[in-house]
Amino acid sequence: MNIEDRKKQSSTKLTVGLTVVKYCGKAYLPFLQRRYRHRKNLPSVENPLLLLSATDLANAIRSREISSVVVVQAYIDRIRAVNPILNAVIEDRFDAALDDALKADKLCNELSVDELREKYPLLGVPFTVKESVGVEGMSQHVGVVARKGMKCEKEGPLMRNLRQAGAIPLCVTNIPEWCCNWETHNVIQGRTFNPYNTSYTPGGSSGGEAALLGAAASLFGVGTDFMGSIRLPAMFCGVFGHRPTRPLVSLEKSVPDWPDPTIQKIMATGPMCRYAKDLPLLLKIMIGENVELAKLDEVVDLKSVKILMPTTFANSIEDTPVDKEIVEKLNLAAEELKKLGCKVERIEIDYNGLFERLLSKYLSADLKEVIDNMTDIPKRDGCNLPFLREYLKWGMGKSTHNIYAIHAQLLIRFNRYYPTHQNVPLIDAFEKQMKNILQNDSVLLFPTFPTAAFKHHGFVKSIPAMVYILLASVFNLPATSIPMGLNKEQMPIGIQVIGGPFQDRLCLSVAQFLETKFGGWVPPPSE
């Protein structure tokens, strides 16, 4: 069977499955979304401390211009003000954070500014953490009822690096069940809402982080990116999010633990923040011992970076074209970089069957053992009966699982629609092609997602549109989601910049430049 025949065969199977999802979604979405039609605005941002970058706050704290206690209290107050509306926090450590802030202020009186800058570059600066990453002594149930009450017993290298730099964790934030959704909802905690309009999702799976950041209730956060789980919510909530090249940032002690080597390459942990100027410092601290691999200390001459742009965008059966406003922002970004002196070049990308091929890479991994350990749905090889029973329980309001988690587990266990043995060779060839294109200081300006945030439950109509977010994950490429202002509906829109392996610094430099030109994060509407 030749390549074209393989494409057609696998495409037909996927089209059938996605068409069913599409029309079922159209039937029940209006009923599901009615309960979220009442919009709630956040309190306005009154404290000017909430509008300073992490870099500037760290400078002010170690220079004794302001105390860490005051900064930490300001963020605690803001979280308490917005969380009743957003439902983004699973568990806080506010009292412990204030104790940490007192210790930071004491240290500022004992060491010189230069010593503090060298040893504790983030001393006294608060941050938030996606619950799946793990903060010692804090909740780590990952949205699974069977794990309710489970705590993180020991932090991994990533959290140790941040604490040793002097940063202070405030809370752990909401996620979908087992991080298996592009929206943020689980049976234990409930649904998290977008700070710009509560009728819309903040995205997922790092949706709690993105919601707090967009609401000016967090300065920077830690997210994970498996299928775009940093970049999609970052775009939906108008902030920056970076997916680093693996294995720069450690995944140790994060849940779920995916031992399969394919998934180990795809899954990444990285920074989310409101200000692009913080990204290099945050990433450098998170990386720790692997920092030389990223060459973050090398000065980037942005004028020498080649900017690649797609000539066309994907057309899917879900009819989700890239919004004109997002295309306009892509073109404006390219124009500004061209004015700077960058060479801008258009490239052809073959989108035909690309979504299913990217998805097949995930499903080529051995995930069944992990899935069996993740759920209390009985294991029965070759039989869908336990899942059909779980769907029925969900329809009656009796299931302890999110509907999307049930469906994700069903697909992974039985692998019905994705002929991975045919698609993986095709996607491996395309990966090689993309990495060749992105070598020699080239980056790709690409949509993060074709539209602004969708309404709650809306992702079922836009699954193939995830092709843009999956590309960097599957190919293990660094990618930064960049906010580019608000659309006509006053919702955040943005783009992403994708680099070659270990060229993270190029992505961060482009993000910093575009922030200066387009303003970056914009505060959400307030009461």
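Small disclaimer: the values here were computed from a predicted structure and weren't measured. Counting of residues starts from 1 at the beginning of each chain's written sequence and follows it residue by residue. Since the coordinates come from a predicted model, pLDDT governs what is reported: local features require at least 70, and pairs of side-chain atoms require 80 or more to be given and counted, while whole-chain, interface and lining totals use all residues. Where side-chain values are given, they derive from all heavy atoms of the structure, hydrogens and water being excluded.

With that settled, consider the confidence of the model for the protein chain. Per-residue confidence from the predictor is reported as pLDDT, a score between 0 and 100. In this model, the protein chain carries a mean pLDDT of 89, and residues with pLDDT of at least 70 account for 87%. Contacts are assigned to residue pairs with any non-hydrogen atoms lying within 4.5 Å of each other. Across residues 1-11 the pLDDT falls below 50, and counting only partners more than four positions away or on other chains, this stretch makes 15 contacts in the model.

Our focus in this paragraph is helix α13 (residues 354-363). Along an α-helix, a turn takes 3.6 residues, which lines up residues three or four apart on a common side. Each residue is placed in one exposure class: buried if its accessible area under a 1.4 Å probe, protein chains only, is under 20% of its type's maximum, exposed if it is over 50%, and partly exposed if it falls in between. Helix and strand assignments come from DSSP, with helices taken as H or I runs of at least 4 residues and strands as E runs of at least 2, each series counted from the N terminus. Most of α13 is tucked away, with ten of its ten residues classed as buried. Taken residue by residue, α13 has L354, F355, E356, R357, L358, L359, S360, K361, Y362 and L363 as its buried positions.

Right, let's talk about the packing of aromatic side chains for a bit. Any two of the Phe, Tyr and Trp rings considered here, Trp counted by its six-membered ring, make a pair once their centres fall within 6.5 Å; the pair's planes then place it as stacked at under 30 degrees, edge-to-face at over 60, or tilted in between. Counted according to the given criterion, the structure contains ten aromatic pairs. Arranged with centres 6.0 Å apart and planes meeting at 70 degrees, the rings of W182 and F459 form a pair that is edge-to-face. Of this pair, W182 sits in the loop between β3 (168-173) and β4 (185-186) while F459 sits in the loop between β11 (442-447) and α18 (467-474), placing them 277 residues apart in sequence. The exposure class of W182 is buried, given its relative accessible area of 9%. You can call F459 buried: its relative accessible area is 8%.

Bringing the side chain of H401 into the picture now. Tracing the backbone through its elements, the reader meets H401 in the loop between α15 (385-395) and α16 (403-414). On the basis of relative accessibility, which here comes to 3%, the residue H401 falls in the buried class. Here E177 takes part through its side chain, which lies 2.6 Å from a polar atom of the side chain of H401. Whenever a nitrogen or oxygen atom comes within 3.5 Å of another N or O atom, the pair is scored as a polar contact, on the condition that within protein one atom can donate a hydrogen and the other can accept it, and that pairs from neighbouring residues in sequence are kept only if both atoms are in side chains.

Any Lys or Arg side-chain nitrogen located within 4 Å of an Asp or Glu carboxyl oxygen qualifies as a salt bridge. If you walk through the whole model with that rule in mind, you get 15 salt bridges. For R117, the salt bridge is made with D114, and the minimal N-O distance between the two is 2.9 Å. Remark: D114 and R117 occur in helix α5 (residues 113-119); sequence separation between them is three residues, near one turn of the helix. Classification of R117 as partly exposed rests on a relative accessible area of 40%. On the basis of relative accessible area, D114 is assigned to the exposed category, the value being 55%. Between D428 and K361 there is a salt bridge, with the nearest N and O atoms lying 2.6 Å from each other. You can see D428 sitting in helix α17 (residues 420-437) and its partner K361 sitting in helix α13, a full 67 residues away along the chain. Since its relative accessible area comes to 32%, D428 is described here as partly exposed. Because the salt bridges share partners, they merge into one network encompassing K265, E431 and K435.

A fitted line through C-alpha atoms represents every axis, and for helices the fit uses only the stretch in contact; the resulting angles, taken between N-to-C directions, go from 0 to 180 degrees. Following both chains from N to C, one finds helix α12 (residues 324-340) and helix α19 (residues 504-518) inclined at 105 degrees, their axes separated by 11 Å at the closest point. Classified by the angle their axes make, α12 and α19 are roughly perpendicular. From α12, L332, A333, E336, L337 and L340 reach across to α19, where they touch V510, F513, L514, K517 and F518. Put simply, Ala, Val, Leu, Ile, Met, Phe, Trp, Tyr, Cys and Pro go in the nonpolar bin, Asp, Glu, Lys and Arg in the charged bin, and everything else, Gly too, in the polar bin. Each residue belonging to the contact of α12 with α19 can be placed in one class, and the counts come to eight nonpolar, no polar and two charged. Oblique is the label for any angle not covered by the other classes, which are roughly parallel (under 35 degrees), roughly antiparallel (over 145) and roughly perpendicular (65 to 115).

Our next topic: the sheet that holds strand β12 (residues 479-486). What the eleven strands build is an open sheet, ordered β1-β3-β2-β6-β8-β7-β12-β13-β11-β9-β10; its pairing is mixed. What marks the edges here is a single partner per strand, and that holds for β1 (89-92) and β10 (344-347). Strand after strand, the sheet turns through a mean of 25 degrees between neighbouring axes, direction not considered. Two strands are counted as paired when DSSP detects at least two bridges linking them.

Our next topic: α12. Expected helix span is computed as 1.5 Å times (number of residues minus one). With 17 residues, α12 extends 24 Å from end C-alpha to end C-alpha; this agrees with the ideal 24 Å at 1.5 Å per step. For α12, every residue scored as buried is listed here: I326, L330, A333, A334, E336 and L337. Buried residues of α12, viewed axially, fall in a sector of 160 degrees; they line one side. Those residues of α12 that are exposed and angled more than 90 degrees off the buried face are K324, K338 and K339. Directly beyond the C-terminal end of α12, a positive phi value near 125 degrees is found at G341. As used here, the arc is the angular range of directions from the helix axis to the C-beta atoms.

The next subject is the nonpolar core. The tendency in soluble globular proteins is for nonpolar side chains to be buried side by side. Throughout, nonpolar core names a set of buried Ala, Val, Leu, Ile, Met, Phe, Trp, Tyr and Cys residues whose side chains join them through atoms within 4.5 Å. In terms of nonpolar packing, the biggest core is built from 155 residues, with L162, F220 and L445 touching the most fellow members. Ranked by residue count, the leading element in this core is helix α3 (residues 68-86), at nine residues. Among all residues touching L162, those that are not within four sequence positions of it are L122, F127, A167, F220, V222, I285 and M286. Grouped together as the second largest cluster of nonpolar side chains are six residues, V142, I175, C179 and V255 included.

What follows concerns the environment of I168. Mapping I168 onto the fold places it in strand β3. On a C-alpha basis, the gap between I168 and L122 in space is 8.6 Å, while along the polypeptide they are 46 residues apart. If we skip the residues at most four places from it in the chain, I168 touches S68, V72, R93, A97, D100, A101, G124, V125, P126 and F127.

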